[in-house]
Every structure is written in structure tokens, then in C-alpha cells.
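Descriptive structure summary
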Amino acid sequence: MNRLIGALSLVGGTGRLPSGSAGERLLRQSRVERTYPVVCRNLGLPCELSVSILGAQLLARSQADEILRTLEAVPLKGLDLAWHEYPSPDLRDMGDLALLVRSGDVARADGILRSLGYVPELAPELLRSGTLRAALYEREGSLPVHLHWHLLNSSWPQFMFRVDMDEVWNSVRGGRLSAPHRFVSLCEHALKHSYSELVHLTDLDLVARGLDWEATAGVAARWGLTDAVRCSLILLRDLTGR
């Protein structure tokens, strides 16, 4: 069962739905893993979540467009992946709108979000504490905005990582991170969450397709995240058989 749901959680994965209660358990588990829309697509089944997921994606895209009119920022994770990596945005759910801004623009970003009606979870002085890397903003009728000013929103000891944010920003093209930066940061994010949901591997598998592995290995080594990438690749190998 575990191997089957893993295979079906990858876009283009193949397998047959077991009959009876076993099949029902697989579909229920895929909801827990946040891969239910992908599993349904692979099995040729209708997905009753598609409309609500697409609605959330369209809302997030509208919010991002509103914010990006006056603020330089890069969408991360859910919004970016759904519209650029997945075959259709209704295959990837999201709980908030993650945006990356330059560290020197945090105060300006805070002011812009407040002017648009977003309320921060933190007092302004805490944004300048030097220890935080992200803050959440909420507005009624909107998805929460998760504002990041570092690519790795990690609670791990910071001496473990050596992420060069100038390198990150210099590689941004068309409002997106470079593919190696995107892959390595997703590996760190998945490892930080102990790969608790299969959707982490679904994301990684899509970004990995056509990836420049030499450049990716270089990024991982420079940032001190080779082990995170290695763990992700081992798990992907087990799922894909490649």
C-alpha cells in the first residue's frame, strides 16, 4: 500500500486502485498526504477538491498581483509550484501565500501589506529583531501572506547553513528562483518537516525533471545542504525506481 500510494502521488505515476476497502483507505491516506488530486488524476478519477483548490490558487494569484504592483517579491512554494511545475494549478493545494523579499525591504514590505489591509502577527519592532526570517500577515477574505526575507525559514541552528542571499537574488529570472535554488530550498523544507507529507516529494519530483544536477550539487555544497538533498534523492529514488 505504501509503495502504491507513493507511486500514485507522483505526477504521471501509474498503478491500479485496489478494490473495496483497500482502495478507500488509499484515497483517504492520499488526502492526509495532500496528494489526493494527483492520485485522482493518475487513476482517471474525478476529484471533488479541484474547484476549491483552484479557487484558492486564483485567490492567491490575485493577492500576489496586488502586492507585486508595488513591491519586489518572489512567490515561493505553493503558488509558484502550482502554476509553473504542475500540469494544472488545481493539483496543488496551499494554505498561505509565501513571498520572498530582500532583507533590506522588510520595513517597506510591512508598510505595504498594512496599507492593503493585512494585519501582522508580530509587532513592527520584532521584525527588526535580527533572529526572525519570516512573519505572517492576515486579511479577512484572503489567504494569509507569509512574508520571508531569507530563503530558508528554518529553526535549525543557523551556523549549519551558508545561504548567500545575494546569489539567490542575482539568479532570479522572470520573478522565479533558479531551478537549483528552488530544488535545494525545497529539500531543506521537506527535511525540516521530516517528509511528513508525500506532497513534499511530489513537488521535488517535478522540480527535479530536467534539473542541472552539476549546478544543483554546487548550490547544495556551498549552502551546507548536501545531506538534505541526498536524503530527498534517496526517497525519490525509492518512489520512482530510478
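Overview of the structure.

1. Things to note about the packing of aromatic side chains
For any pair of aromatic rings, geometry is given as the distance between the ring centres together with the angle between the planes. A complete count under the given rule lists one aromatic pair for this structure. Ring plane angle 85° and centroid distance 5.5 Å describe the contact between Phe183 and Trp213, whose orientation is recorded as edge-to-face. A residue pair is termed long-range when its members are at least 10 positions apart, and Phe183 in helix α9 (residues 179-192) and Trp213 in helix α11 (residues 213-223) qualify at 30 residues. Assessed through its relative accessible area of 0%, Phe183 is described here as buried. For the cation-ring pair, Arg31 lies above Tyr36, with the distance from its terminal atom to the ring centre recorded as 4.3 Å. Positioned over the ring face of Trp83 is Arg61, at 4.1 Å from the centre of the ring.

2. Some details on the environment of Gly111
Summarising the element assignment, Gly111 is placed in helix α6 (residues 106-115). Counting along the chain gives 89 residues from Gly111 to Ala22, while the straight-line C-alpha distance between them is 52 Å.

3. Section: the environment of Pro89
Here Pro89 lies in the loop between α5 (77-84) and β2 (97-100). With 31 residues separating them in the primary sequence, Pro89 and Leu58 have C-alpha atoms 8.8 Å apart. In contact with Pro89, other than residues within four places in its own chain, are Ile53, Leu54, Gln57, Ala82 and Trp83.

4. Quick look at α9
Given a rise of 1.5 Å per residue, 14 residues ought to cover 20 Å, and the 20 Å separating the end C-alpha atoms of α9 matches this to within 8%. Along α9, 11 of the 14 residues are buried, which leaves the element largely enclosed by surrounding structure. Buried within α9 we find Pro180, His181, Arg182, Phe183, Val184, Ser185, Leu186, Cys187, Glu188, His189 and Ala190. Against the buried residues of α9 lie α5, α8 (165-170), α10 (199-208), α11 and α12 (226-240). One or two positions beyond α9, positive phi appears at Ser194, with a value near 55°.

5. What about the pairing of strand β4 (residues 134-138)?
Both strand β3 (residues 119-120) and β4 contribute to a ladder of two bridges, which runs antiparallel. Counted as the bridge partner of Pro120 is Tyr137 from β4. Hairpin connection between β4 and strand β5 (residues 145-148): a loop of six residues separates the two successive antiparallel strands, and Gly141 in this loop has a positive phi of roughly 80°.

6. A look at the packing of α9 against α11
Interhelical geometry of α9 versus α11 gives an angle of 50° and a closest axis separation of 9 Å. In terms of orientation, α9 and α11 fall into the oblique class. Here α9 and α11 pass one another in a crossing that is right-handed. Here α9 contributes Pro180, His181, Phe183 and Val184 to the contact with α11, which in turn contributes Trp213, Ala215, Thr216, Val219, Ala220 and Trp223.

7. A closer look at unusual backbone geometry
Although it is not a glycine, Arg34 sits at a positive phi angle of roughly 65°. Mapping Arg34 onto the fold places it in the loop between α2 (20-32) and α3 (36-43). We classify Arg34 as partly exposed; its relative accessible area is 25%. Positive phi, normally seen in glycine, also occurs at Tyr195, with a value near 50°.

Conventions used here
- Residues numbered from 1 in each chain as written.
- Predicted model: local features only at pLDDT ≥ 70, side-chain atom pairs only at ≥ 80, totals over all residues.
- Heavy atoms only, no water.
- Phe/Tyr/Trp six-rings, centres within 6.5 Å; stacked < 30°, edge-to-face > 60°.
- Helix = DSSP H or I, 4+ residues; strand = E, 2+ residues; numbered from the N terminus.
- Buried < 20%, exposed > 50% of the residue type's maximum accessible area, 1.4 Å probe, protein only.
- Lys NZ or Arg CZ within 6 Å of the ring centre and 35° of its normal.
- Contact = heavy atoms within 4.5 Å.
- Expected span 1.5 Å × (residues − 1).
- Pairing = 2+ DSSP bridges.
- Axes fitted to C-alpha atoms, helices over the stretch in contact; angles between N-to-C directions.
- Parallel < 35°, antiparallel > 145°, perpendicular 65-115°, else oblique.
- Left-handed = near helix turned anticlockwise from the far one by under 90°.

None of this, on its own, says anything about what the molecule does.
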